[in-house]
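Here's the letter readout for the chains.
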Amino acid sequence: MDKKLIIIAVVIAAVVVVGGISASLLLSKESKTTGTVYYVTIAPKDMKATLAGGSIDAYIAWEPYVSDSVVGNVGDVLEWSNQIMPNHPCCVVAVSPDFLSKPNGVNLTERFLKAHIEANQWMANALAHPSGANYTALVNMAVQFTSRNATVVKAALEHVKYGYEMNQAFRNALQQFTDMYINDNMTTTAKMQGLGYSSTSDFISKYVNGSLLDAAKSITPSSTILNPSNPIRLGYLLGDLHQMAQVVAQNTTAFGGTSMFQKYGLLVTSATGAPFASGGTEMSLGFASGSVDIGYLGAPPAILNHLNSGVKALIVAQANSEGSGIVVKANSGIHNLGDLVNKTVATPGETSIQFLLLKMALDKEGLDLKIKT
Amino acid sequence: MDGNEVVINITHLSKSFTRERGRIIALDDFGLEVREGEFVCLLGPSGCGKTTVLRIVAGLEAKSGGSVKVEGKEVRDAGPDRGMVFQEFALFPWRSVRKNIEFGLEVKNVPETKRADVSKVLIELVGLKGFEDAHPRELSGGMKQRVAIARALANDPEVLLMDEPFGSLDAQTRNLMQKELLRIWSARRKTVLFVTHSVEEAVYLADRIVVMTARPGKVREIIDVPLNRPRDRTSREFIAIRSKVLGELEEEFEKARAAELSPE
Amino acid sequence: MRSLTKSLSKAVISNWLRLTLSAVSVAVFLTIWWLLSAYLRADWPFLGVKPYPLSTYERLPYWWDVLRALGRSFVTNPSPTGGRFMSEHILASLTRISIGFALALISAVPLGLLMGRSRNAEAVGRPLVELFRPIPPLAWVPIFLVVFKFFWGPIAIVFLGVFFPILLNVRLGARSVDPVLIDAARTLGARRSTIFVKVVLPFTTPYLMTGITVGLGIGWMCIVAAEMLGGVGGGVGYYIFAANTAGLYDLVYAGMVMIGILSVLTTGVAGLIERWVYRWMGMK
């Protein structure tokens with residue numbers, strides 16, 4: 001008798017599976033495209049080795065992992081991210097609303113942003129004078145932070161645009177990303193409206209908060225640390241050159257022993273789990289669990305995780321734009337996006353800006369992007 | 001009965017082995033002749049080595065000294081010419097009654113139809129008609145032993161060796177099986193060497209009873225049982241022989257118990 | 001067909017008590033799930049309660065939403081995680097499990113039999129087994145993914161997970177063969193090789209089946225975890241991992257349910273094969 005019950009269970013399970021599979025085959029709305037490009041998800045730090053090893057044909061990542069392959073003669077850049085979308089926003093500074101609502105939270109955040117602004121200004125100056133001492137200091141910091149050598153770092157720095165303003169073009173771009181996500185079923189209008197936003201533009205206007213940045217500009221230094229017992233828990237991504245501002249702002253050696261954070265009266269420490277492998281991880285493990293107060297991460301994961309599961313991380317400043325690229329194996333014969341059909345590209349994950357840009361680029365060519373099975 | 005040919009010839013059999021406690025002499029100069037068609041019981045206290053004798057004749061254990069001949073040939077290894085029935089039944093649980101019985105025939109590559117003929121006859125002989133496709137777990141102890149007997153008989157052995165086969169059965173089944181065994185034996189007159197604890201059983205079944213000494217085992221006394229079968233357990237002759245055997249045995253039981261108790 | 005339904009309905013009727021208990025247990029579970037979800041979002045019947053933050057209750061969707069997401073994942077929602085339908089992910093995971101499982105079976109069974117019957121083989125194999133067995137297969141993920149690449153990497157992980165339960169169980173079975181059965185076989189004329197085929201093998205089969213059932217369960221855990229960790233192309237584990245990163249929790253649960261269903265399927269099939277082999281071995 002026992003055997004009969006097992007058979008019943010197996011039959012039911014089989015019916016579900018077979019039914020599902022036939023439903024897929026019969027009812028699905030398969031997009032008719034001219035070709036498919038396949039992707040896998042790998043941490044950018046492993047992408048160069050994987051490309052060299054031959055398991056993938058290309059990858060898209062943030063600097064310095066692009067220049068790393070170029071300098072190492074492992075790969076060539078097929079396309080830079082600014083060729084896919086000029087001035088595209090990339091990393092942002094986001095703050096947890098819980099942190100803001102704490103006593104002194106707004107003040108601390110504004111001070112943080114002031115340090116962020118000053119770091120950016122210092123970096124702009126250093127990059128403009130490559131023969132100066134500041135440039136050398138910047139390169140050293142970057143080498144330490146990314147664990148790449150100076151040649152790679154210098155090449156990488158040429159392709160990243162640092163900035164902090166959030167102008168209208170920035171907001172429009174973010175809205176465009178949101179629309180893309182809805183279009184691709186990564187999130188839904190229903191979810192967005194469920195959170196209280198009537199439209200994507202409404203969402204962006206509420207989720208991107210420029211007032212703190214404006215207030216930050218008039219912050220003055222502080223002689224004492226204002227939060228000695230409650231350091232700001234900072235989230236950031238592993239070796240992400242886009243997020244140099246926070247590296248600069250924490251540095252003491254180049255600034256006579258006082259970091260910019262300290263200058264403005266802030267004690268900052270790494271959040272639990274930092275450095276995170278991706279923005280998505282930072283959102284779902286960091287912000288969601290309340291272990292990150294302020295974080296640097298890509299704008300897309302900040303948007304996506306918020307809409308899908310309500311994790312709150314208000315975007316309060318830009319960190320950089322551009323600075324990513326598609327790398328193909330050296331001498332691979334791949335010269336344009338069309339050549340990527342049936343090949344495998346590694347991405348940092350579906351929630352990353354790099355994935356979004358890749359999809360954007362392929363959509364323009366009428367190509368599909370699917371995970372490699 | 002065919003002649004007085006000696007089928008099992010054991011002379012000066014000795015068996016010893018070493019354990020943590022030291023050297024143990026299980027058998028010391030054991031000797032026995034069993035003639036064709038005889039039913040001989042080995043009787044003795046625990047540890048006297050009666051099962052060891054049986055296993056050596058079966059070829060399952062090696063002797064330390066002496067000679068053991070079956071049909072004139074020295075015993076070296078186990079074989080189908082010496083069928084054995086075990087106290088634990090030893091039926092193959094994944095095989096049906098019929099398949100168990102046919103095991104030895106399969107080993108000999110006997111063709112399927114011939115096997116079926118043989119097992120059919122034997123199943124009927126041991127009284128298990130209707131249970132051909134049953135599995136051992138569905139059978140009672142008595143039924144299992146019937147299968148074991150049939151299985152051993154399927155190979156048409158020279159000798160049937162039985163190691164306390166009814167020891168795991170309850171008293172009633174035991175009596176029944178003793179009767180059944182005699183019935184089967186009267187149909188297939190094999191030479192039987194039967195090991196038991198039970199005096200009653202030995203007197204009921206055997207032509208001759210070999211009373212063994214406590215360890216180290218040798219023959220203490222061989223007692224004839226010249227009664228006609230089927231035997232009446234309550235008859236005077238039966239009781240007389242039983243008392244005689246019991247007398248011989250009791251002394252050995254005492255010796256065995258003393259040996260167990262004294263630290264060596 | 002009619003006799004099948006007849007015998008199935010007979011089975012249902014004769015087991016009605018057990019079936020009812022099982023059904024009740026599932027119903028209770030689903031009710032508790034519903035109540036928890038409703039409580040977190042202050043939905044009926046907890047209307048007066050203060051709702052938890054969205055990021056909390058989003059992680060416990062209503063169970064019917066999960067089922068709906070599961071259904072959709074096959075059809076109208078090519079999974080945003082991977083651009084593929086659930087069916088393709090299932091296929092990917094099933095393929096890996098099957099190959100890894102088959103390889104483990106082929107290597108572990110002979111090895112287990114050998115180690116169970118031969119003291120020397122046991123002495124040779126024992127230290128290696130004891131060394132590698134405690135290492136969780138997942139620890140090998142980073143190494144295997146690089147060495148064996150995308151196709152064979154997860155298969156190697158499954159292999160490792162399935163190999164040891166089968167090996168150990170077969171070895172135990174081979175060692176545990178009742179000696180009296182071997183004695184009986186000898187007195188029936190069987191030589192060593194015949195004893196191996198006609199006694200050791202059938203005796204070990206139930207142990208093998210235990211090893212297979214355990215191995216299959218571990219295999220599923222390995223493949224899912226390997227897919228989750230590795231970001232390796234596709235599969236149900238990857239589906240869960242990617243949905244998690246995107247914050248699509250109803251898809252996460254849908255993926256988990258899917259794995260449960262697949263596990264029932266494979267374990268059930270293994271159980272049926274077990275009975276078939278048992279019968280084959282017995283009648284042989």
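Residues numbered from 1 in each chain as written. Chains lettered and ligands numbered in written order. Predicted model: local features only at pLDDT ≥ 70, side-chain atom pairs only at ≥ 80, totals over all residues.

### Notes on the overall build of chain C
Selection criterion: For helices the rule is a DSSP run of H or I covering at least 4 residues; for strands it is a run of E covering at least 2, with both sets numbered from the N terminus onward. This radius of gyration counts C-alpha atoms alone. The globule rule is 2.2 Å times how many residues there are, raised to the power 0.38. Exposure classification rests on a simple neighbour count of other C-beta atoms within 10 Å of a residue's own: a residue reaching 20 or more is buried, one at 12 or fewer is exposed, and one in between is partly exposed. C-beta atoms are placed from the backbone.
Counting its regular elements, chain C contains eleven helices and zero strands. The order of helices and strands in chain C, counted from the N terminus, is α-α-α-α-α-α-α-α-α-α-α. The globule rule puts the C-alpha radius of gyration for 284 residues at 19 Å, and the 24 Å found for chain C is more than 25% above it. With respect to the principal axes defined by its C-alpha atoms, chain C has extents near 80 × 55 × 35 Å. Classification of the 284 residues of chain C by burial places 45% in the buried group.

### Focus on the overall build of chain A
Counting its secondary structure elements, chain A contains 17 helices and 13 strands. Across its three principal axes, chain A shows a C-alpha extent of roughly 80 × 50 × 45 Å. Counting across all 373 residues of chain A, residues that qualify as buried make up 52%.

### Thoughts on the interface of chain A and chain C
The cut-off we apply is this: What counts as a contact is two residues whose backbone-derived C-beta atoms lie within 7 Å of each other. Residue classes follow a fixed rule: Ala, Val, Leu, Ile, Met, Phe, Trp, Tyr, Cys and Pro count as nonpolar, while Asp, Glu, Lys and Arg count as charged, and any other residue, Gly among them, counts as polar.
Between chain A and chain C, the residue contacts involve 48 residues of the former and 48 residues of the latter. Those elements that provide at least two residues to the side of chain A that touches chain C are helix 1 (2-27), strand 1 (35-41), helix 15 (279-287), helix 16 (299-309) and strand 13 (367-371) of chain A. Tallying contributions element by element places helix 1 of chain A first for the side of chain A that touches chain C, with 16 residues. Across the side of chain A that touches chain C, the residue classes break down as 22 nonpolar, 17 polar and nine charged.

### A few points about the domain arrangement of chain A
Residue and element names in this part refer to chain A. The condition is simple: What counts as a domain boundary in this text is fixed by an automatic or database domain assignment.
Domain parsing of chain A yields domain 1 (36-87 + 324-371) and domain 2 (91-166 + 208-322). Taken residue by residue, the interface counts 21 residues in domain 1 and 25 residues in domain 2. Among the elements of the structure, helix 3 (65-71), helix 4 (81-84) and helix 17 (353-365) are those that each provide at least two residues to the side of domain 1 that touches domain 2. Residue composition of the side of domain 1 that touches domain 2, grouped by class: ten nonpolar, eight polar and three charged.

### Points about the nonpolar core
Note the threshold: Throughout this description, the term nonpolar core refers to a group of buried Ala, Val, Leu, Ile, Met, Phe, Trp, Tyr and Cys residues whose C-beta atoms join them within 7 Å.
If you look at the biggest cluster of nonpolar residues, it comprises 261 residues, and the most contacted ones within it are Leu43(B), Val57(B) and Leu193(B). The element best represented in this core is helix 7 (residues 141-175) of chain C, accounting for 18 residues. Dropping the residues within four chain positions of it, Leu193(B) is found in contact with Ile8(B), Val34(B), Val40(B), Leu42(B), Leu54(B), Val57(B), Val159(B) and Leu161(B).

### Focus on the interface of chain B and chain C
Taken together, the contacts link 19 residues of chain B with 14 residues of chain C. Looking at the side of chain B that touches chain C, the elements with two or more residues in it are strand 6 (82-85) and helix 3 (103-107) of chain B. Taken together, the residues that form the side of chain B that touches chain C break down as eleven nonpolar, four polar and four charged.

### What to know about the pairing of strand 8 (residues 294-298) of chain A
Residues and elements named next belong to chain A. Threshold: In short, DSSP must find at least two bridges between two strands for them to pair.
Within strand 8, five of the five residues are buried, leaving the element largely enclosed by the surrounding structure. Where strand 4 (residues 91-95) and strand 8 come together, five bridges link them in antiparallel fashion. The partner of Ala94 across the bridge, within strand 8, is Gly295. Where strand 6 (residues 232-235) lies against strand 8, two bridges are found, and the strand directions are parallel. Each residue of the ladder has a partner; that of Gly235, found in strand 8, is Gly295.

### A few points about the environment of Gly167(B)
Residues and elements named next belong to chain B. Mapped onto the elements of the fold, Gly167 is located in the loop between strand 7 (159-163) and helix 6 (171-187). Put simply, Gly167 and Ile123 are 44 residues apart on the chain and 22 Å apart in space, counted from C-alpha to C-alpha. Sequence-distant contacts of Gly167, that is, excluding residues within four places in its chain, are made with Gln87 and His197.

### Details of the pairing of strand 10 (residues 219-224) of chain B
Residues and elements named next belong to chain B. By the bridge criterion, five bridges tie strand 9 (residues 208-212) to strand 10 in an arrangement that is antiparallel. When the bridges of strand 10 are listed, Ile209 appears paired with Ile223. Here strand 9 hands over to strand 10 after six residues, the two strands then running antiparallel side by side.

### Quick word on the sheet that holds strand 12 (residues 344-347) of chain A
Residues and elements named next belong to chain A. For the record, the criterion: Note on definitions: angles span 0 to 180 degrees between N-to-C directions of axes, and those axes are lines fitted to C-alpha atoms, for helices only across the stretch in contact.
The six strands lie next to each other as 3-11-2-12-1-13, forming an open sheet whose pairing is mixed. Each edge of the open sheet is held by one strand with a lone partner, namely strand 3 (75-80) and strand 13. Pairwise comparison of adjacent strand axes, ignoring direction, gives a mean angle of 30° for this sheet. In terms of strand pairing, strand 1 meets strand 12 through four bridges, oriented parallel. Looking across to strand 12, one finds that Tyr38 is bridged to Thr344. Packed onto the sheet, helix 17 meets strand 1, strand 2 (58-62), strand 3, strand 11 (324-329), strand 12 and strand 13 and runs at close to 145° relative to strand 13.

### Brief notes about unusual backbone geometry
Between Glu63(A) and the following residue, Pro64(A), the backbone shows a cis peptide bond with an omega angle of 10°. Tracing the sequence through the fold places Pro64(A) in the loop between strand 2 and helix 3. Here the residue pair Arg215(B) and Pro216(B) is connected by a cis peptide bond, since its omega of -5° sits within 30 degrees of zero. Within the chain, Asp29(B) stands out as a residue other than glycine whose phi angle is a positive 60°. Looking at where Asp29(B) falls in the secondary structure, it is placed in strand 2 (residues 22-35). The phi dihedral of Ala42(C) falls on the positive side, at around 50°, and the residue is not glycine. Topologically, Ala42(C) is positioned in the loop between helix 2 (16-40) and helix 3 (54-57). Judged by C-beta crowding, with 14 C-beta atoms within 10 Å, Ala42(C) ranks as partly exposed.

### Looking at the sheet that holds strand 9 of chain B
All names here are of chain B. If you trace the six strands from one edge of the open sheet to the other, you get 6-7-8-3-9-10, paired in mixed fashion. Every interior strand has two partners, whereas the edge strands, strand 6 and strand 10, have only one. Between one strand and the next, the sheet's axes are offset by a mean angle of 20°, whatever the strand orientation. Strand direction decides the pairing type here: strand 7 and strand 8 (residues 191-196), joined by five bridges, are parallel. For Met162, the partnering residue across the bridge sits in strand 8 and is Phe194.

### Observations regarding helix 8 (residues 179-187) of chain C
Taken together, the buried positions of helix 8 of chain C are Leu181(C), Asp183(C), Ala184(C), Ala185(C), Arg186(C) and Thr187(C). One or two steps after helix 8 of chain C, the chain reaches Gly189(C), where phi turns positive at roughly 100°.

### Remarks on the confidence of the model for chain C
All names here are of chain C. Note the cut-off: What pLDDT reports is the predictor's confidence in each residue, on a scale of 0 through 100.
Mean pLDDT over chain C: 84, with 93% of residues reaching 70 or higher. For chain C, the element scoring lowest by mean pLDDT is helix 3, at 72; helix 8 scores highest, at 94. Model confidence for the complex: the whole-complex pTM is 0.75, and ipTM, which rates the interface, is 0.89.

### Things to note about the packing of helix 5 (residues 86-117) of chain C against helix 10 (residues 236-246) of chain C
Residues and elements named next belong to chain C. Defined as follows: What sets the label is the angle itself: under 35 degrees gives roughly parallel, over 145 gives roughly antiparallel, 65 to 115 gives roughly perpendicular, and the rest give oblique.
Interaxial distance between helix 5 and helix 10 falls to 7 Å at its minimum, and their mutual angle equals 125°. One element, helix 5, and the other, helix 10, form an angle in the oblique class. Residues His89, Ile90 and Ser93 of helix 5 touch helix 10, and the partners they reach there are Val236, Gly237, Tyr238 and Tyr239. Residues that form the contact of helix 5 with helix 10 fall into these classes: four nonpolar, three polar and no charged.

### Structural notes on helix 1 (residues 50-58) of chain B
All names here are of chain B. Where burial is concerned, most of helix 1 is hidden: eight out of the nine residues are buried. Three or more residues of helix 1 are buried, namely Lys50, Thr52, Val53, Leu54, Arg55, Ile56, Val57 and Ala58. Looking at the residues trailing helix 1, positive phi occurs at Gly59, about 90°.

### Some details on the environment of Ala173(A)
In this structure, Ala173(A) sits in helix 9 (residues 168-183). Each C-alpha atom, one on Ala173(A) and one on Ile371(A), is 26 Å from the other, the two residues being 198 residues apart in sequence.

### Notes on the packing of helix 5 of chain C against helix 7 of chain C
All names here are of chain C. Selection rule: By definition, any crossing whose near helix is turned counterclockwise from its far helix by less than a right angle is left-handed, and any crossing with a clockwise turn is right-handed.
At a minimum axis separation of 7 Å, helix 5 and helix 7 run at an interaxial angle of 30°. Looking at the two axes, helix 5 sits roughly parallel to helix 7. The chirality of how helix 5 crosses helix 7 is right-handed. Tallied by class, the residues present in the contact of helix 5 with helix 7 amount to 21 nonpolar, five polar and four charged.

### A word on the environment of Ile353(A)
Within the fold, Ile353(A) resides in helix 17. Between the C-alpha atoms of Ile353(A) and Cys91(A), which are 262 residues apart in sequence, the distance is 8.5 Å.

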